[in-house]
Amino acid sequence: MNITRIPSLNQHLCAANPEPVSYDVARHAWYEFRTAHGHRTAVAPYMSEPNQKIVKNQIPTISFTGNPARTSGLNACTASTPQCRAMCIRYTGRLDLPKSQAVADTRMRFLAAHPDEACSLIYWETFRFARKHAGNVGRRLNVVTDLRWEDFAPWLFEWSMPDVLNYDYTKHWDRDRMPFPNYRLTFSATERHTPDDIRVQVDTGANVAVVFPHTHKETGYPETWHGMPLINGDVDDWRFGDPEGVVVALYAKGRARKAPVGWDKFVKEIR
């Protein structure tokens with residue numbers, strides 16, 4: 001398959017229809033791929049270290065941090081908007097370091113080139129993580145990407161241990177908010193979503209994340225926004241445990257701190 005003709009990574013992965021392979025086969029393919037792409041250390045996990053927010057979760061959480069949009073070739077964020085691409089958290093803190101971006105780029109290119117092995121590594125590394133912690137663990141597969149994992153690798157959830165609880169944010173508002181009993185999605189608002197658009201989703205029991213000015217990191221938030229229940233989404237990253245039908249408030253980070261604020265902007269007004 002000529003992947004240069006398929007702009008969507010999700011479309012490419014659906015066509016590839018990843019099948020599980022053994023841990024040894026998957027990790028050796030990953031080590032060889034890392035070596036071929038110039039990494040000094042071949043032996044390294046495929047999943048990523050949790051960021052400063054994920055480590056605050058109520059339970060140990062494993063995650064996958066790739067690169068957003070088209071920054072690693074095929075488009076991993078087909079519902080992204082100009083403002084969300086410009087202010088992506090990929091360009092915040094340690095995620096913006098050259099080494100972090102290089103490792104993430106290799107992860108993404110391995111996923112496109114070796115989907116069987118990449119998805120299998122996610123499965124096996126999650127399995128080992130859950131066994132190590134011997135209790136409920138969390139998993140977030142889209143830290144800076146927006147892939148529909150349930151479309152091309154449903155076995156990641158169907159075969160998952162019952163104590164692996166998955167969650168993600170997504171700008172694909174047509175997705176099922178709970179594709180599997182162990183997978184919960186929080187929809188993300190962009191500059192294209194009005195408070196009325198957000199209310200339509202919240203009224204169905206879905207949760208919608210909205211970015212507000214960074215000053216609210218210190219001031220906090222009101223209990224409601226446009227009549228909808230509002231919770232602070234920066235206490236931790238654990239969206240699986242949120243009540244249903246709420247707005248998840250996030251304060252602007254990185255490049256978004258200096259972004260314009262308005263109803264038709266990525267960063268919304270609180271009033």
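Data block above holds the structure.
These lines cover the structure that appears in this document, whether it is placed above or below. (Residues numbered from 1 in each chain as written. Predicted model: local features only at pLDDT ≥ 70, side-chain atom pairs only at ≥ 80, totals over all residues. Heavy atoms only, no water.)

On to the pairing of strand β3 (residues 164-170), then. Within β3, seven of the seven residues are buried, which leaves it mostly tucked inside the rest of the structure. Both β3 and strand β4 (residues 183-188) contribute to a ladder of five bridges, which runs parallel. Along β4, the bridge assignment pairs Tyr 167 with Arg 184. (Buried < 20%, exposed > 50% of the residue type's maximum accessible area, 1.4 Å probe, protein only. Helix = DSSP H or I, 4+ residues; strand = E, 2+ residues; numbered from the N terminus. Pairing = 2+ DSSP bridges.)

Here we take up the pattern of salt bridges. Side chains that carry opposite charge are capable of pairing whenever their charged atoms lie near each other. Under the counting rule described, the total for this entry stands at 13 salt bridges. Measuring nitrogen to oxygen at the nearest pair gives 3.0 Å for the salt bridge that ties Arg 140 to Asp 237. Pair noted here: Arg 140 is in strand β2 (residues 137-140) and Asp 237 is in the loop between β7 (228-232) and β8 (247-251), with a separation of 97 residues, a long-range link. Residue class for Arg 140 comes out buried when judged on its relative accessible area of 6%. For Asp 237, a relative accessible area of 2% translates into the label buried. Measuring nitrogen to oxygen at the nearest pair gives 2.7 Å for the salt bridge that ties Arg 175 to Glu 150. On the criterion of sequence distance, the pair formed by Arg 175 in the loop between β3 and β4 and Glu 150 in helix α6 (residues 149-152) is long-range, its members being 25 residues apart. Across this residue pair, the class does not change: Arg 175 and Glu 150 are buried. (Salt bridge = Lys/Arg side-chain N within 4 Å of Asp/Glu carboxyl O.)

Another aspect to go through is the packing of helix α2 (residues 23-36) against helix α4 (residues 98-113). For the pair α2 and α4, the least separation of the axes is 11 Å and the interaxial angle reads 125°. The angle between the axes of α2 and α4 places the two elements in the oblique class. Our pair here, α2 against α4, has a crossing hand that is right-handed. Residues Ala 26, Ala 29, Trp 30, Phe 33 and Arg 34 of α2 touch α4, and the partners they reach there are Val 103, Thr 106, Arg 107, Arg 109, Phe 110 and Ala 113. Of the residues in the contact of α2 with α4, the class split is seven nonpolar, one polar and three charged. (Axes fitted to C-alpha atoms, helices over the stretch in contact; angles between N-to-C directions. Parallel < 35°, antiparallel > 145°, perpendicular 65-115°, else oblique. Left-handed = near helix turned anticlockwise from the far one by under 90°. Contact = heavy atoms within 4.5 Å. Nonpolar A, V, L, I, M, F, W, Y, C, P; charged D, E, K, R; others polar.)

Taken together, the eight strands give an open sheet; going across it, the order is β1-β2-β3-β4-β5-β8-β7-β6, and neighbouring strands pair in mixed fashion. In this open sheet, the two edge strands, each paired with only one partner strand, are β1 (61-63) and β6 (224-225). Relative to β2, β1 runs parallel, the two being bridged by three bridges. Directly across from Thr 61, in β2, lies its bridge partner Gly 138. Of the strands in this sheet, β1, β2 and β3 are in contact with helix α5 (residues 115-133), which crosses β2 at around 155°.

Tracing the backbone through its elements, the reader meets Asp 234 in the loop between β7 and β8. Contact partners of Asp 234, with chain neighbours within four places excluded, come to Lys 53, Lys 56, Tyr 221, Ala 249, Leu 250, Tyr 251 and Lys 253.

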